[in-house]
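# Overview (structure and organization)
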Amino acid sequence: MVVAKEAFLLGLAAKPTRRWLRAALTAAAALALLSVLGTRALAQGTCQQTLPAPLVTFCPDEPARAAEMNQNFGQVARWLVDKTGPLGDGGIETSSLRVTGNATINSSATITGNLSVSGNLSVSGGSMSAYQTLSLATDYVAADDGIAMVSVVGGANGARCFVHGLVNGTIVVRESLHYFTTSDVYVNDASFTMPVPRGATWRINLTNTSATCNALVSWVALH
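Note that the structure is predicted; figures quoted are calculated from it, not measured. (Residues numbered from 1 in each chain as written. Predicted model: local features only at pLDDT ≥ 70, side-chain atom pairs only at ≥ 80, totals over all residues. Heavy atoms only, no water.)

## Side note on the packing of aromatic side chains
Going through the model one piece at a time under the given rule, you end up with three aromatic pairs. Each residue in the set Tyr-140, Trp-202 and Trp-219 is aromatic and connected to the rest through ring pairs, giving one cluster. (Phe/Tyr/Trp six-rings, centres within 6.5 Å; stacked < 30°, edge-to-face > 60°.)

## Digging into the pattern of salt bridges
Inspection of every chain in the model, using the stated rule, returns three salt bridges. Its salt-bridge partner being Glu-68, residue Arg-65 comes within 4.0 Å of it at the nearest N-O pair. Residues Arg-203 and Asp-139 are paired through a salt bridge, measuring 3.1 Å at the closest nitrogen-oxygen approach. One end of the pair, Arg-203, is in strand S7 (residues 201-210); the other, Asp-139, is in the loop between strand S1 (132-134) and strand S2 (140-141), and 64 residues separate them in sequence. Classification of Asp-139 as partly exposed rests on a relative accessible area of 49%. (Salt bridge = Lys/Arg side-chain N within 4 Å of Asp/Glu carboxyl O. Helix = DSSP H or I, 4+ residues; strand = E, 2+ residues; numbered from the N terminus. Buried < 20%, exposed > 50% of the residue type's maximum accessible area, 1.4 Å probe, protein only.)

## Here's the deal with the pairing of strand S3 (residues 146-154)
The alternating pattern of S3 places Gly-146, Ala-148, Val-150, Val-152 and Gly-154 on a buried face and Ile-147, Met-149, Ser-151 and Val-153 on a face that is not buried. Looking at chain direction, S3 and strand S6 (residues 189-196) are connected through eight bridges and run antiparallel. Looking at S6, one finds that Ile-147 is bridged to Pro-195. Note that S3 and strand S8 (residues 213-221) share nine bridges and pair antiparallel. The residue of S8 that forms the bridge with Gly-154 is Cys-213. (Pairing = 2+ DSSP bridges.)

## A short note on the nonpolar core
Ranked by size, the top nonpolar core spans 23 residues in total, and within it Met-194, Val-196, Trp-202 and Ile-204 carry the most contacts. Here Ile-204 is in contact with Leu-136, Ala-137, Val-150, Val-163, His-164, Gly-165, Phe-192, Met-194 and Val-217, once residues within four sequence places are set aside. (Core = buried A, V, L, I, M, F, W, Y, C linked by side-chain atoms within 4.5 Å. Contact = heavy atoms within 4.5 Å.)

Nothing here speaks to function; it is geometry throughout.
Structure below.
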C-alpha cells in the first residue's frame, strides 16, 4: 500500500497526460462502484423479517430482485385463492369460515358443508320457501332440508283412516282418524309434521279403513 501511494504521488508530481487522466477517472469510478456494492452487500440480511414466511422482506438499500418480487406476488395470490376461491371470480369459496364479529348477507348464501354457530344467529331475509302442495303416495327427493306437513279430515260420518310418513322407506310418523258422530268420542281432524333431511326420499301414504278421509300434503324447504 505504501508503494502504491508513493507511485500515485509521483504520478501527481509528473505532468498529467490525457491517457493518465483517463486512467485516473476510471480508477476513481471503480473505487466508487466497489464502495456502493460493498455497502449494499453489508446491508443484505441485516434487517429483521417483517413479512410472514415465505414472503421475502426487502432491507433498506437492498436491490429488489425480480425472482423475489414474483415469489412474493405468487404467494399472496395463492393465499387469496385458498381464502376466497379462484381469482377473478365474484363469489367467495372457502373450506372454513370464521366470523368473530357481525356478518350481514344482503343476498342469498349457499352452505354445502356444516355451519357451526357458537353465538346467536339472526336471519332477516327469507330462509324458508313458500308452501308447496304435493300428492299422496308419491316419492319425493328433498333438494333442501325441509318439513312435510300433513292434515287429515273425515270426509263424512263413518270415515276412518291412518296415515304414515316415510323417510328413505322407513315409517317415522303415524297418525289416525275416526269420525263417528254417534260415538261418544270421535276425531275428525288430525295432522303431523315430518322433518326431512336434504337428499332423502320421502312420501306420505293414506289408508282408508272405513268410508273416505281427505288429506292435504304441504312441503316447506329450508334454504
